[in-house]
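Each chain, written out:
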Amino acid sequence: MNKLNPKKLLNSKWTAIPAINKEKHFIIVEVEFDEGGNVIECITEAVMSKNQYPIQWRDLKDQQKWLQGWK
């Protein structure tokens, strides 16, 4: 399981496993918090195409779906 701190998600780098729409490397470009400091929205951006995809930030903990860094 990947260790995550929601406050350090912004601009972090991730590798999708398997690739999403033939895109593998992503950066977290937007993280929105509620008043209590909980993440309510997280947006990834593909490095090559600049396509953006909303994700559940807790999915990043699953090493079957995401690896931290670009691999």
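Residues numbered from 1 in each chain as written. Predicted model: local features only at pLDDT ≥ 70, side-chain atom pairs only at ≥ 80, totals over all residues. Heavy atoms only, no water.

## Considering the overall build of the protein chain
From N to C terminus, the protein chain includes zero helices and five strands. Start at the N end of the protein chain and walk to the C end: the helices and strands fall as β-β-β-β-β. The C-alpha radius of gyration computed for the protein chain amounts to 11 Å, which stays within 12% of the reference 11 Å derived for 71 residues, consistent with globular compactness. By its C-alpha atoms, the protein chain is 35 × 25 × 15 Å across when sized along the principal axes. Buried residues in the protein chain amount to 32% of all 71 residues. Expressed as a percentage of contacts within the protein chain between residues at least 6 apart in sequence, the contacts between residues at least 24 apart total 43%. As presented, the protein chain carries roughly 4900 Å² of accessible surface, and 50% of it is formed by carbon and sulfur atoms. (Helix = DSSP H or I, 4+ residues; strand = E, 2+ residues; numbered from the N terminus. Rg over C-alpha atoms; globule rule 2.2 N^0.38 Å. Buried < 20%, exposed > 50% of the residue type's maximum accessible area, 1.4 Å probe, protein only. Contact = heavy atoms within 4.5 Å. Areas by Shrake-Rupley, 256 points an atom, 1.4 Å probe, with all protein chains shown as cover.)

## Topic: the side chain of Glu23
Relative to the helices and strands, Glu23 is located in strand E2 (residues 23–33). Among buried Asp, Glu, Lys and Arg side chains, Glu23 stands out as unpaired, with Lys50 the closest opposite charge at 10 Å. A distance of 3.4 Å separates polar atoms of two side chains, one belonging to Glu23 and the other to Asn51. Those residues in contact with Glu23 that lie beyond four places of it in its chain are Ala16, Ala46, Ser49, Asn51 and Tyr53. (Lys, Arg positive; Asp, Glu negative; His and termini not counted. Salt bridge = Lys/Arg side-chain N within 4 Å of Asp/Glu carboxyl O. Polar contact = N/O pair within 3.5 Å; in protein donor to acceptor, adjacent residues only side chain to side chain.)

## Things to note about unusual backbone geometry
Keep in mind that most residues, glycine aside, have a negative phi and that most peptide bonds are trans. Of note, the bond from Ile17 into Pro18 is cis; its omega dihedral lies within 30 degrees of zero at -5°. Looking at where Pro18 falls in the secondary structure, it is placed in strand E1 (residues 13–20). If you check the backbone angles, Asn11 has positive phi at about 70° while not being a glycine. Along the polypeptide, Asn11 turns up in the segment before E1. Given the relative accessible area of 55%, Asn11 is considered exposed. The backbone of Lys22 sits at a positive phi, close to 65°, despite the residue not being glycine. Within the element layout of this structure, Lys22 appears in the loop between E1 and E2.

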